[in-house]
Amino acid sequence: MRTLLIGFLVFFISGIGFTQSKIDSLTNELRKTSIADTSRIEVLLSLAKAYQYSDFEKSKGYAEEAIQLAESKDLKKDRAEAYQTIGALYTTSGDYTTALKYDNMALQLNLAFKDSTAIARNYNGIGNDYYDLGEYDEAYHFFTQSYKMARAIKDSLRMIVALHNVGRVFKELGQYDRAQNYFKVSQAMSERTGDAEGLPYTLSEIGDVQLRKGDYDSALISLTNTLKLTREQNILALEPRALNRLATIYLHKKDYNNALAYYDTTRNLHVKTNNQFGIAEVELGRGSVLMAQGNYDEAIKNISSSLEIAQKSNARILEKECYGQLSRIWELKGDYKKSLEFYKKHTELQDTLFSHDMQEKLFRDQIRFETEDKDSLIAALSRDKDEKEDQLKRQEFIRNILVVVMALSVILLATVYRSGQRRREINMLLLKHQEETEKRSEELERLNQVKDKFFSIISHDLRSPINALAGLLDLLDKGAVKPEEFPIHIRELKTRFNHTRTLLNNLLDWTLLQMDKLNLHATKIDIQKIVDENIQLLGAVQTKQIQMINNVQSPTIAFADSNTVNLVIRNLMTNAIKFTNDGGSVVIASQEKDNECIISVTDNGIGMNHDVLRILFDKTAPYTTRGTANEKGTGLGLILCKEFVEKNGGRIWVESEVGKGSTFYFTLPKG
């Protein structure tokens, strides 16, 4: 199936089979001074592919030289090829974030060229990058986009690759039967098209499914056959993955000597390609073996080393697994406090990776993808129906003309006239019905969006305090929490639940507002007091050491609804904290002008560009991005602020400069 598959797959793997004589020939060609720029780039990329699995630095050097030459000469086609090549190289080395950057750069160029084959390849590569980073909803989107593009241009190989990769996504989500179906379909297509590499890739994934389901004997057979076929066909990208899974099987079978031997072999292959992610996977596996053998201190060293690499490369799935194993080790060592700390990190990362938003998005994409063929068929049938109806209308018109000419009958003319009148009346009724249906559909869609946003936020933000409570109750049940530690844990839980209770109240108010069922009660409110309360609340829960300053003039009295204004101020302060680095500051100030109070929330964070400012308050497409500490948002906060400010008779706007921070302003009537 070539090497378009799996985390270690790359796009231009033809260089694997290069002989030394071929490499020498390319090196001699490169020495020629008369070689054209385009030909030189082609030779450089061929050498980069040739060294991809044997000498990472040399391969990287050739690829970077090709990029530099293509960019200096503005050779856009060659730039796209060079970006794809170095993206594949970084995938091989396990640096998936950098690989994603170059794959996206190649995609933008190929979209401009309208090169469908290259675009399908880029979509698959980007999908693999997101898959390896644990962003399974994004991975599914790009894999299905690759399949659609390949189907449109009848590229069977890329269709096979895309379907196989869709199966891998469902495997990671634990939907093994659905994953197996996709593997079987892609394998059947491989057999029909003569794709010999399809079998080892399919066997590898089937073996992994069997491993996850605990069928270790079947998994051992599948992965042993995978390794045999991989070596026979010289598929270097797949060999480390097969070896690592075999090591995991022996770990579960408690054959620790074999497990360590396979891990050592896998590590040697990753060292050749400088694959830090692969090395981190091996360190986690070795740590698990040492933990099973009771050598806890050495296990902690190995797993901590794996965790450090995972954090540097943003490999969040691997990071989550490291937290889980460290929690188990410290529990076995009897240090329940440390065990709880790692357990919290494990569950928080689990909630982030498999959030309700991600699963909802993936489910919607899945429905669209799996019904696309049916939709295409329905569309084709609709076109046939329309054509037949047009033909019938033309025939009817001709018949009517002939009847009029031949009969010259007043009765017939009257009948035609009455028939026309009836049709017009029916059409008017149909149009009226259609308009009513569209209005109801729009209203239902809006309410459905409110529901989706409501439940996605609740499901995500409720998990943190519940998980913390579950961890504490587990320790209480084991008697691992000392009486003097109770106040600390109780304060932490109280803070989390107070925050969650406030969130629920605000979400319920917002939902009622969307359905026009929330009545605002305007009274005189003290803005300075509200800001003080929010500084106290947010100071207790934020961990960035950000200074919050209340410069609101005293007295600053506004005439507005207290609850909604409190929510606006808290959301703007939370947003400022999110995009401000450690040690920064957030200043809340006020001024009075005419009949308005103008409140401002200023941070010295990362700021925003013009494109972001333009869509910031667009409720039809909520904008969200991660904060300076990788905080994940919902896209609801600023939209909620805009609606509540306007409901209270005010305005809201923002001023920002990239790298210098942002200031949000809103107005309220004076009290």
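Everything quoted here is computed from the prediction, not taken from an experiment.

Draft legend 1. Looking closely at the overall build of the protein chain. Along the backbone of the protein chain there are 26 helices and seven strands. Relative to its 671 residues, the protein chain shows a buried fraction of 46%. In the protein chain, of all internal contacts separated by at least 6 residues, the share reaching a separation of at least 24 is 68%. Surface accessibility of the protein chain: about 34100 Å² in total, with carbon and sulfur atoms responsible for 52%.

Draft legend 2. Summary view of the packing of helix α10 (residues 198-212) against helix α11 (residues 216-232). The contact between α10 and α11 brings their axes to 8 Å, and the two run at 155°. Taken together, the axis directions place α10 and α11 in an arrangement best described as roughly antiparallel. Here α10 and α11 pass one another in a crossing that is left-handed. On α11, the residues that touch Leu199, Pro200, Leu203, Ser204, Ile206, Gly207, Gln210 and Leu211 of α10 are Tyr216, Ser218, Ala219, Ser222, Leu223, Asn225, Thr226, Leu229 and Thr230. In terms of residue class, the contact of α10 with α11 is made up of nine nonpolar, eight polar and no charged.

Draft legend 3. Here's a closer look at the UniProt feature "repeat: TPR" (unreviewed entry) in the protein chain. As recorded in UniProt, the sites labelled "repeat: TPR" (unreviewed entry) are residues 80-113, 120-153, 160-193 and 280-313. Regarding residues 80-113, the helix share stands at 94% and the strand share at 0%, and the terminal C-alpha atoms are separated by 10 Å. Secondary structure content for residues 280-313 is 88% helix and 0% strand, and the end C-alpha separation is 10 Å.

Draft legend 4. Here's a closer look at the pattern of salt bridges. Applying the stated rule across the entire model yields 25 salt bridges. Salt bridges sharing partners connect three or more residues here, namely Lys171, Glu172, Glu205, Asp208, Arg212 and Arg245.

Draft legend 5. Fine view of a nonpolar patch on the surface. A grouping of Phe397, Ile398, Ile401, Leu402, Val405 and Met406 is seen on the molecular surface, where their side chains present a nonpolar patch of about 670 Å² in accessible area. Relative to the elements of secondary structure, isoleucine 398 occurs in helix α19 (residues 372-407). Take isoleucine 398: its relative accessible area is 49%, and that puts it in the partly exposed class.

Draft legend 6. Representation of unusual backbone geometry. A cis amide bond links serine 554 to the next residue, proline 555, at an omega of 0°. In this fold, proline 555 is placed in the loop between β2 (547-551) and β3 (557-561). Even without glycine at this site, aspartate 74 takes up a positive phi of about 55°. When you line up the elements, aspartate 74 lands in the loop between α3 (56-72) and α4 (76-93). Taking relative accessible area as the criterion, aspartate 74 reaches 44% and is therefore assigned partly exposed. Backbone geometry places lysine 114, a non-glycine residue, at a positive phi of 60°. Inspection of the secondary structure puts lysine 114 in the loop between α5 (96-113) and α6 (116-132).

Draft legend 7. Local environment of the environment of isoleucine 41. The topology assignment puts isoleucine 41 in helix α2 (residues 37-50). The residues contacting isoleucine 41, other than those within four sequence positions of it, are Ala66, Leu69, Ala70, Leu75 and Asp78.

Draft legend 8. Local environment of the environment of lysine 301. Along the chain, the position of lysine 301 falls in helix α15 (residues 296-312). The exposed category is assigned to lysine 301, whose relative accessible area is 55%. Taking C-alpha positions, lysine 301 is 9.7 Å from leucine 284, a pair spaced 17 residues apart along the chain.

Draft legend 9. Structural context of the packing of α4 against α6. α6 packs onto α4 with a crossing angle of 25° between their chain directions and a minimal axis gap of 12 Å. Put simply, α4 runs roughly parallel to α6. As α4 runs across α6, the sense of the crossing is left-handed. Counting all contacts with α4, which are made through Glu81, Gln84 and Thr91, the residues of α6 involved are Ala118, Arg121, Asn122 and Asp129. Of the residues belonging to the contact of α4 with α6, the class tally is one nonpolar, three polar and three charged.

Draft legend 10. Main features of the nonpolar core. In this structure, Val169 and Leu318 are the most contacted members of the largest nonpolar core, which totals 51 residues. Ile527, Ala560, Met573 and Phe617 belong to the second-largest nonpolar core, a separate cluster that totals 38 residues.

Draft legend 11. Geometry of α4. Helix length check: α4, at 18 residues, gives a terminal C-alpha distance of 26 Å against a target of 26 Å (1.5 Å per residue), a fit within 8%. Within α4, 15 of the 18 residues are buried, which leaves it mostly tucked inside the rest of the structure. Two residues or fewer after α4 comes glycine 94, characterised by a positive phi angle close to 85°.

Draft legend 12. Examining helix α9 (residues 176-193) more closely. The terminal C-alpha atoms of α9, which comprises 18 residues, lie 26 Å apart, in line with the 26 Å expected from a rise of 1.5 Å per residue. Downstream of α9 by a residue or two, glycine 194 has a phi angle that is positive, lying close to 75°.

Draft legend 13. Structural view of the side chain of threonine 27. If you trace the backbone, threonine 27 turns up in helix α1 (residues 20-31). Take threonine 27: its relative accessible area is 19%, and that puts it in the buried class.

Draft legend 14. Structural view of a negative patch on the surface. Among the surface-exposed residues, Glu435, Glu436, Glu438 and Glu442 lie close enough to one another that they form a single negatively charged patch. As for its placement among the helices and strands, glutamate 438 is situated in helix α20 (residues 410-461).

Draft legend 15. Representation of the sheet that holds strand β5 (residues 596-603). On the basis of which strands lie adjacent, the open sheet formed by five strands has the order β2-β4-β5-β7-β6 and mixed pairing. Both outer strands of the open sheet, β2 and β6 (652-657), are each paired with one neighbouring strand and no more. Going from strand to strand, the sheet's axes swing by 15° on average, the running direction of each strand aside. With five bridges connecting them, β2 and strand β4 (residues 585-593) associate as parallel partners. Note on β4: the bridge partner recorded for methionine 548 is valine 586. Sheet contacts for helix α24 (residues 562-578): β2, β4, β5 and β7 (661-669); angle to β7, the most-contacted strand, approximately 175°.

Draft legend 16. Quick peek at the packing of aromatic side chains. In total, this model carries twelve aromatic pairs according to the counting rule given. Judged by centre distance (6.1 Å) and plane angle (35°), the rings of tyrosine 83 and tyrosine 102 are tilted. Placement of tyrosine 83 in helix α4 and of tyrosine 102 in helix α5 is noted, with a sequence separation of 19 residues between them. Ring-pair connections join several aromatic residues into one group, and the members of that group are Tyr83, Tyr90 and Tyr102. Just above the ring of tyrosine 131 sits the side chain of arginine 168; from NZ or CZ to the centre is 3.9 Å. Over the ring of phenylalanine 170 we find arginine 178, and its NZ or CZ is 5.4 Å from the ring centre.

Draft legend 17. Inspection of a positive patch on the surface at higher detail. Side chains of Arg418, Arg422, Arg423 and Arg424 sit close together on the surface and give a patch of like positive charge. Residue position: arginine 422 is located in helix α20. The exposure class assigned to arginine 422 is partly exposed, which follows from its relative accessible area of 46%.

Quick notes on the rules
Residues numbered from 1 in each chain as written. Predicted model: local features only at pLDDT ≥ 70, side-chain atom pairs only at ≥ 80, totals over all residues. Heavy atoms only, no water. Helix = DSSP H or I, 4+ residues; strand = E, 2+ residues; numbered from the N terminus. Buried < 20%, exposed > 50% of the residue type's maximum accessible area, 1.4 Å probe, protein only. Contact = heavy atoms within 4.5 Å. Areas by Shrake-Rupley, 256 points an atom, 1.4 Å probe, with all protein chains shown as cover. Axes fitted to C-alpha atoms, helices over the stretch in contact; angles between N-to-C directions. Parallel < 35°, antiparallel > 145°, perpendicular 65-115°, else oblique. Left-handed = near helix turned anticlockwise from the far one by under 90°. Nonpolar A, V, L, I, M, F, W, Y, C, P; charged D, E, K, R; others polar. UniProt positions renumbered as here; feature names shortened; annotations may be inferred. Salt bridge = Lys/Arg side-chain N within 4 Å of Asp/Glu carboxyl O. Patch = residues over 30% accessible without salt bridge, like charges linked within 9 Å, V, L, I, M, F, W, Y side chains within 5 Å. Core = buried A, V, L, I, M, F, W, Y, C linked by side-chain atoms within 4.5 Å. Expected span 1.5 Å × (residues − 1). Lys, Arg positive; Asp, Glu negative; His and termini not counted. Charge placed at Lys NZ, Arg CZ, Asp CG, Glu CD. Pairing = 2+ DSSP bridges. Phe/Tyr/Trp six-rings, centres within 6.5 Å; stacked < 30°, edge-to-face > 60°. Lys NZ or Arg CZ within 6 Å of the ring centre and 35° of its normal.

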